[in-house]
Amino acid sequence: MALRGPQYVFGDFTPDEFNQFFVTPRSSVELPPYNETILCDTETPEELQDVLSVTELLENVTLVHKPVSLQPRGLINKGNWCYINATLQALVACPPMYHLMKFIPLYSKVQRPCTSTPMIDSFVRLMNEFTNMPIPPKAKQALGDKIVRDIRPGAAFEPTYIYRLLTVIKSSISEKGRQEDAEEYLGFILNGLHEEMLNLKKLLLPNNEKFSVSNGPETQSVPEDEQGQGEGSEDEWEQVGPRNKTSVTRQADFIQTPITGIFGGHIRSVVYQQSSKESATLQPFFTLQLDIQSEKIHTVQDALESLVARESVQGYTTKTKQEVEISRRVTLEKLPPVLVLHLKRFVYEKTGGCQKLIKNIEYPVDLEISRELLSPGVKNKNFKGHRNYRLFAVVYHHGNSATGGHYTTDVFQIGLNGWLRIDDQAVKVINQYQVVKPSAERTAYLLYYRRVDLL
């Protein structure tokens, strides 16, 4: 029973390759070929048993949301990897992500010289770089600042095995001369982990059963013609909503994995057309993208309300080429345990250029998703506790340019009962006010929230 698909052997770069890949800025060099990559057509019985063991673990895993106190460690940046380092620190600070990767066994190169899951293996290794740190007794937490100052970070390290994923997994992120983007990289990671877990699921299916592998949520844009769907690609049913109104609802095939169990949500996009049934499409997301261009948007709440506002769609035509008036509205159908909000600061122009929106957007530590943002069918099914979130990480973009800049991260550390600011290998303690305080030198780009009832 061979596990099909590309499998990789991880070796070391030559000194010349290492200097070019990790020391020279990526904007001026091309990613070197990863010469150690090979395809393995079959596994040894021992290797196959390891793969099956991991597969069965993932099928039966229970996501753990309990906060974990880890000794903080900075990440060494010898190249242009701040967007990766900033993302990794936010993911390490995410308890269900940490517990999931710690649940999977860590194998050495000797034990598993060949792997079909390079991304899973790399993130298991990453989480094992961090050690537990005792949580101070509640009585001492009142001293707060004094306890924080007495705790030192662990030694900084360079996660080269994470950087190498860009060479073994095809991605537009690795193209020469591109501006690296933390939100795009987060999508690359979550989609990659999701897809590897889907491929493992295939091993537990009988030989005559198949399912299509989804590459995870890619975008929240809605097709101009919602009715031209490919046959067999989606489930479709008629739904009776409030006031006995019916709508045709479509949902793309999307199989659940532990990654979607942590970060996966759904939005409902409804198209309204006079004298026609409402047409609704359920779309999955890992990051909820918030447009902040409007002059009326000054807070995250403003951006969320703008997201669900009904809008007219111009130039919509039927299959007979007749232009009709339609409108569209997006609502939140399913809220994930970890809600990542993407403040869309990089605006692409018609000429092909890109500009950064420098404006300040206020965001709260405690966020409530109001019922008005939810789809009609789920408003009464979401208890208030399921709609309350607390901030645990912020990824910032520094600089005024959309084609350059720097990324840093603030994370909440349960063992310190406070916040850390991490800039590559530099780690320092800050207070909560510094996290939400507007700053001219940096702007919040990605906001990571956890559901309060799971804290």
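Small disclaimer: the values here were computed from a predicted structure and weren't measured.

This paragraph deals with the overall build of the protein. A tally of helices and strands in the protein yields 13 helices and 18 strands. Across the 455 residues in the protein, those meeting the buried criterion constitute 49%. Of all intrachain contacts in the protein linking residues separated by at least 6 positions in sequence, the fraction that spans at least 24 positions is 72%.

This structure, assessed with the given rule, holds 9 salt bridges. Among the ionic pairs, Glu129 bridges to Arg73, the shortest N-O distance being 3.8 Å. You can see Glu129 sitting in the loop between helix H5 (118–127) and helix H6 (138–141) and its partner Arg73 sitting in strand S1 (residues 73–75), a full 56 residues away along the chain. We classify Glu129 as partly exposed; its relative accessible area is 23%. Arg73 sits in the buried class, given a relative accessible area of 16%.

Right, let's get into the pairing of strand S17 (residues 426–430). Along any regular strand the residues' side chains alternate between the sheet's two faces. With 5 bridges connecting them, strand S16 (residues 418–423) and S17 associate as antiparallel partners. Bridging across to S17, Trp419 finds its partner in Ile430. Where S16 folds back on S17, the antiparallel hairpin that results is connected by 2 residues, among which Asp424 adopts a positive phi of roughly 55°.

In this section: the packing of aromatic side chains. One pass over the structure, following the stated rule, counts 8 aromatic pairs. Centroid distance Phe412 to Trp419: 5.7 Å. Interplanar angle 70°. Geometry classified as edge-to-face. Here Phe412 falls in the partly exposed class, since its relative accessible area comes to 27%. Three or more aromatic residues joined by ring pairs form one cluster here, namely Tyr83, Tyr185 and Phe188. One Lys or Arg, Arg442, reaches over the ring of Tyr396 and ends 5.0 Å from the middle of that ring.

So, about the nonpolar core. Generally speaking, soluble globular proteins have nonpolar side chains that are buried together. If you look at the biggest cluster of nonpolar residues, it comprises 69 residues, and the most contacted ones within it are Met101, Phe123 and Phe263. When residues of this core are assigned to their parent elements, the largest contribution, 9 residues, is made by helix H10 (residues 182–201). Setting aside chain neighbours within four positions, we find Phe123 in contact with Leu88, Leu91, Met97, Met101, Ile162, Leu165 and Ile189. One finds Leu288, Leu332, Leu341 and Tyr389 within the second-largest nonpolar core, a separate group that totals 34 residues.

Residue pairs spaced three or four apart in an α-helix point in one direction, given the helix's 3.6 residues per turn. Look at H10: 29 Å from first C-alpha to last across 20 residues, which is about the 28 Å you get at 1.5 Å a residue. Of all 20 residues making up H10, 17 are buried, and the element is well covered by its neighbours. The N-capping residue of H10, defined by a side-chain oxygen 2.9 Å from the backbone nitrogen of Glu183, is Asp181.

Moving on: the packing of helix H4 (residues 95–103) against H5. Following both chains from N to C, one finds H4 and H5 inclined at 110°, their axes separated by 8 Å at the closest point. Between H4 and H5, the angle falls in the class roughly perpendicular. Between H4 and H5, the residues in contact are Met97, Tyr98, Met101 and Lys102 and Ile120, Phe123, Val124 and Met127, respectively. Within the contact of H4 with H5, the residues separate by chemical class into 7 nonpolar, no polar and 1 charged.

Its location among the elements puts Ser327 in strand S9 (residues 326–334). Given a relative accessible area of 11%, Ser327 falls into the buried group. At a separation of 2.9 Å, a polar atom in the side chain of Ser327 contacts the side chain of Arg310. Setting aside chain neighbours within four positions, we find Ser327 in contact with Val270, Val271, Tyr272, Arg310, Glu311, Ser312 and Val313.

Reading predicted coordinates in detail is not appropriate for stretches of low pLDDT. Across the protein, the average pLDDT comes to 76, with 69% of residues at or above 70. Of all secondary-structure elements in the protein, the lowest mean pLDDT belongs to helix H1 (residues 15–23), at 37, while S1 reaches the highest, 97. Confidence over residues 174–178 falls short of pLDDT 50; this stretch has 10 contacts with residues more than four positions distant or in other chains. Below a pLDDT of 50 lies the segment residues 219–234, which in the model reaches 30 contacts outside its immediate sequence neighbourhood of four places, other chains included.

This part takes up the environment of Ala440. Secondary-structure assignment places Ala440 in the loop between helix H13 (432–436) and strand S18 (442–451). Relative accessible area serves as the criterion here: at 78%, Ala440 is assigned to the exposed category. Linking Ala440 and Asn400, residues 40 residues apart in sequence, is a C-alpha distance of 9.5 Å.

Where helix H3 (residues 82–92) contacts H10, the axes come no closer than 9 Å and their chain directions differ by 60°. It follows that H3 is oblique to H10 by the angle criterion. At the point where H3 passes H10, the crossing takes the right-handed sense. Each of Tyr83, Ile84, Thr87, Leu88 and Leu91 in H3 lies in contact with H10, whose residues at this interface are Ala182, Tyr185, Leu186 and Ile189. Looking at the contact of H3 with H10 residue by residue, the classes come out as 8 nonpolar, 1 polar and no charged.

Before going further, it helps to spend a moment on unusual backbone geometry. Despite not being glycine, Asn417 has its phi angle at roughly 55°, a positive value. On the secondary structure map, Asn417 appears in the loop between strand S15 (406–413) and S16. Classification of Asn417 as partly exposed rests on a relative accessible area of 40%. Notably, Asp424 is not glycine yet its phi reads approximately 55°, a positive angle. Tracing the sequence through the fold places Asp424 in the loop between S16 and S17. Looking at Asp424, the relative accessible area reads 14%, which means it is buried.

Moving on: the side chain of His65. Relative to the helices and strands, His65 is located in the loop between helix H2 (45–60) and S1. When sequence neighbours within four positions are dropped, the list of residues in contact with His65 reads Pro95, Pro96, Pro337, Arg450 and Leu454.

Each value, and the rule that gives it
Residues numbered from 1 in each chain as written. Predicted model: local features only at pLDDT ≥ 70, side-chain atom pairs only at ≥ 80, totals over all residues. Heavy atoms only, no water. Helix = DSSP H or I, 4+ residues; strand = E, 2+ residues; numbered from the N terminus. Buried < 20%, exposed > 50% of the residue type's maximum accessible area, 1.4 Å probe, protein only. Contact = heavy atoms within 4.5 Å. Salt bridge = Lys/Arg side-chain N within 4 Å of Asp/Glu carboxyl O. Pairing = 2+ DSSP bridges. Phe/Tyr/Trp six-rings, centres within 6.5 Å; stacked < 30°, edge-to-face > 60°. Lys NZ or Arg CZ within 6 Å of the ring centre and 35° of its normal. Core = buried A, V, L, I, M, F, W, Y, C linked by side-chain atoms within 4.5 Å. Expected span 1.5 Å × (residues − 1). Polar contact = N/O pair within 3.5 Å; in protein donor to acceptor, adjacent residues only side chain to side chain. Axes fitted to C-alpha atoms, helices over the stretch in contact; angles between N-to-C directions. Parallel < 35°, antiparallel > 145°, perpendicular 65-115°, else oblique. Nonpolar A, V, L, I, M, F, W, Y, C, P; charged D, E, K, R; others polar. pLDDT = per-residue confidence, 0-100. Left-handed = near helix turned anticlockwise from the far one by under 90°.

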